[in-house]
Amino acid sequence: MIPVIKYPTVDSFAQICQRPSLDAQSLDQIIEGIFAQVETQQDQALRDFTLKFEKREIQEILYSQDEISELANQVPDSLKNAIQQAYANILTFHESQQFIPQKIETSPGVICWQKASPIEKVGIYIPGGTAPLFSTILMLAIPAKIAGCREIVLCTPAMHPAIFYTAQLCGVTKMAKVGGAQAVAAMALGTESIPKVFKIFGPGNQYVTAAKMYANHKGIAIDMPAGPSEVAIYADAHANPSYVAADLLSQAEHGVDSQVFLVALEESFIEKTQLELEKQVQVLERKDLALQALTHSKAILVKNRQEAIHLLNEYAAEHLILACEHPEEFADHIVNAGSIFLGNFTPEAAGDYASGTNHTLPTNGFAKAYSGVNLASFQKKITLQSISQAGLEVLGQSIIEMAEAESLQAHANAVAIRLTTRS
């Protein structure tokens, strides 16, 4: 089912790891037009775009608290309990990331330190479609709340009750009925109903992704560059083919542009996994999406563990499952991955929902340079310094020498005047 590549040369690894290309350039004109209309017509533009793109008529842009509560109350208790367990684990893990300031005396009388300050206003986008991603609200609103973000704005066209229950649980302050690129534009520019935010988080289709990148060019921070969801799995003789197949399908069912990537040491294991894929895919409600995703995925047979490490670091997977002997030791050799899942009983789905780690991760090879979302994603680090008179006397001449060498006389004078007019 998955195309197989046998014993590729190391020189071909970069080509093997290429993802399907994303043609964002062709979207630029559309996105620019949407931003321009939202900027001039504000809320009315959101009503017009919602009717045009979603065939949905809205009057009020924001949900009232009564509307949110009414929908949230429709969630069955069993699902509420599951969401609460996930909430507790995600809260615990992200609270552990709290920044602890430490004052450092870099030289006598010169003290430097940092403090963490919240991003005051953040926006979260949750797509509509066939998969209501209420789990992503947990992943984004919980760390935003811990960080102390004053405004947490959620835009979504989705109407699943769990979306509203989770938003209420996590302390979302405003919830808007709009979706698509126009929702991103609204959060980036501000309208009568939706406040302008300073950073935008969340997944979406190619239009939403292009809109986030456009907003970034306009000075609004975003979580990270985004692409289709992906998983890579390394499997040795200790792996279970049925487990591996299930994990591959858990990513393939996201959409036709998702990619799964299997790296194995034995050809027989790939063959067993292919048989499991054929069997398990038949019972999936999203079978057609998964089958299309598998056609542009890859199973690679490598000669040894060292080649596998090289290939996996080149691929820089969003999710990496190590279904192998001594997975934690193997993970020590991985430098490029969004999140790593160790052993046969750690499915990637655990990280998607309830183990505690964040599932908003770099895709498309960006794990070579980007981390996944964490508490620090919702904070800025501000540096502070305090220099005593004695400290400046020790440090001052070096500052003057360097400033004069750069022909910045006023910089030098700002120090010299303090040294010559001591209190």
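S.K.: Describe in detail the overall build of the protein, supporting the description with residues and values.
M.R.: A count of helices and strands for the protein gives 17 helices and 14 strands. Principal-axis analysis of the C-alpha atoms gives the protein an extent of 85 × 60 × 45 Å. A total of 423 residues make up the protein; the buried ones form 48% of that total. Put simply, of all contacts in the protein between residues at least 6 apart along the chain, 73% involve residues at least 24 apart. Surface summary for the protein: the accessible area is close to 20,300 Å², and the carbon and sulfur share equals 52%. Averaged over its 30 positive side-chain charges, the protein has a centre that lies 5 Å from the centre of its 45 negative ones.

S.K.: Provide a residue-level description of the pairing of strand β2 (residues 104-107), including the pertinent values.
M.R.: Here β2 runs beside strand β3 (residues 110-118); their pairing, made up of 3 bridges, is antiparallel. Note on β3: the bridge partner recorded for Glu 105 is Ile 111. Hairpin connection of β2 to β3: 2 residues between the antiparallel strands, including Gly 109 at a positive phi of 85°.

S.K.: So, the sheet that holds strand β10 (residues 259-264): which residues are in play, and what are the values?
M.R.: The strand order across the open sheet formed by 6 strands is β1-β11-β10-β9-β12-β13, and the pairing between neighbours is parallel. Looking at which strands have only one partner, the edges of the open sheet turn out to be β1 (4-6) and β13 (339-342). Each strand of the sheet is rotated relative to its neighbour by a mean of 15°, with strand direction disregarded. Summarising the sheet, strand β12 (residues 319-323) and β13 pair through 4 bridges and their orientation is parallel. Opposite Leu 322, over in β13, you have Leu 342 as the bridge partner.

S.K.: Run through the nonpolar core, naming residues and quoting values.
M.R.: If you look at the biggest cluster of nonpolar residues, it comprises 40 residues, and the most contacted ones within it are Val 122, Leu 138, Leu 154, Ile 163, Phe 164, Met 175 and Phe 378. Mapped onto this core, the elements with two or more residues apiece are α4 (65-72), α5 (77-95), β4 (121-125), α6 (134-147), β5 (151-155) and α7 (161-170). Among the elements that make up this core, the one with the highest residue count is α6 (10 residues). Once residues within four sequence positions are removed from consideration, Phe 378 is found in contact with Ser 117, Pro 118, Ile 119, Val 122, Leu 140, Pro 143, Ala 144, Ala 147, Cys 149, Phe 201 and Val 373. Judged by nonpolar contacts, the second largest core, of 31 residues, contains Val 38, Leu 46, Cys 155 and Ile 194.

S.K.: Go over helix α13 (residues 305-315), please, and point to the residues and values.
M.R.: For α13, the set of buried residues is Glu 307, Ala 308, Ile 309, Leu 311, Leu 312, Asn 313 and Tyr 315. Looking at the buried side of α13, the elements it contacts are α1 (13-16), β9 (230-235), β10, β11 (298-301), β12 and α14 (327-331). With a side-chain oxygen lying 3.2 Å from the backbone nitrogen of Gln 306, the N-terminal cap of α13 falls on Asn 304.

S.K.: So what about the pattern of salt bridges? Which residues, and what values?
M.R.: Pairing is possible between side chains that carry opposite charge, provided their charged atoms lie close to one another. Throughout the structure, instances matching the rule amount to 10 salt bridges. The partner of Arg 56 in a salt bridge is Glu 54, with the nearest N and O atoms 2.6 Å apart. The exposure class of Glu 54 is partly exposed, given its relative accessible area of 27%. Put simply, Glu 314 and Lys 368 hold a salt bridge, and the shortest N to O gap is 3.2 Å. With Glu 314 in helix α13 and Lys 368 in the loop between α15 (348-353) and β14 (379-387), the pair connects residues that are 54 residues apart, well separated along the chain.

S.K.: Before we move on, can you summarise the side chain of His 319 with the specific residues and values?
M.R.: Structurally, the position occupied by His 319 is in strand β12. A polar side-chain atom of His 319 sits 3.1 Å from a polar atom in the side chain of Glu 348. Leave out the neighbours within four places in its chain, and His 319 touches Ser 229, Glu 230, Val 231, Ala 232, Gln 251, Ser 339, Phe 341, Glu 348, Asp 352 and Leu 361.

S.K.: Please set out the environment of Leu 133 residue by residue, giving values where relevant.
M.R.: Tracing the backbone through its elements, the reader meets Leu 133 in the loop between β4 and α6. The class for Leu 133 is partly exposed, based on a relative accessible area of 23%. Separated by 12 residues in the primary sequence, Leu 133 and Lys 145 have C-alpha atoms spaced 19 Å apart.

S.K.: Explain the packing of aromatic side chains residue by residue, including any values.
M.R.: Within the structure shown, the criterion is met by 8 aromatic pairs. Between the aromatic rings of Phe 201 and Phe 378, the centroid separation amounts to 4.1 Å while the plane-to-plane angle is 15°, which identifies the pairing as stacked. One end of the pair, Phe 201, is in strand β7 (residues 199-201); the other, Phe 378, is in the loop between α15 and β14, with 177 residues separating them in the sequence. The residues Phe 201 and Phe 378 share a single accessibility class, namely buried. Above the plane of the ring of Phe 99 lies Lys 381, whose end atom (NZ or CZ) is 5.3 Å from the centre.

Analysis parameters
Per-chain numbering applies: the sequence of each chain, read as written, is numbered from 1 onward. Reporting in this predicted model follows two pLDDT cut-offs: at least 70 for local features of residues, and 80 or more for side-chain atom pairs to be given and counted; totals over whole chains, interfaces and linings ignore these cut-offs and use all residues. Hydrogens and water are ignored here; the side-chain numbers use all heavy atoms of the structure. Under the DSSP-based scheme used, a helix requires at least four consecutive residues in state H or I and a strand at least two consecutive residues in state E, with every element numbered from the N terminus. Any residue under 20% of the maximum accessible area for its type is buried, any over 50% is exposed, and the rest in between are partly exposed; the area is computed with a 1.4 Å probe on protein chains only. Every residue pair with non-hydrogen atoms within 4.5 Å of one another is taken to be in contact. Surface accessibility follows the Shrake-Rupley procedure with a 1.4 Å probe radius. Residue values consider only the protein chains on display as shielding. We treat Lys and Arg as the positive residues and Asp and Glu as the negative residues; His and chain ends play no part in the count. Where a charge sits is defined by one atom per residue type, namely NZ (Lys), CZ (Arg), CG (Asp) or CD (Glu). Between any two strands, at least two bridges found by DSSP are needed for them to pair. Axes here mean lines fitted to C-alpha atoms, for a helix over just the part in contact, with angles spanning 0 to 180 degrees between N-to-C directions. What is meant by a nonpolar core is a set of buried Ala, Val, Leu, Ile, Met, Phe, Trp, Tyr and Cys residues, joined one to another through side-chain atoms within 4.5 Å. Distance and chemistry together define a polar contact, namely a pair of N or O atoms within 3.5 Å, with one atom able to donate a hydrogen and the other to accept it when in protein, and with adjacent residues in sequence counting only for side-chain atoms on both sides. Salt-bridge detection follows one rule: a side-chain nitrogen of Lys or Arg within 4 Å of a carboxyl oxygen of Asp or Glu. Under the pairing criterion, centres of Phe, Tyr and Trp rings, with the six-membered ring standing for Trp, must be within 6.5 Å; the plane angle then separates stacked pairs below 30 degrees from edge-to-face pairs above 60, leaving the rest tilted. Whether a charge sits over a ring comes down to the Lys NZ or Arg CZ being within 6 Å of the ring centre and within 35 degrees of the ring normal.

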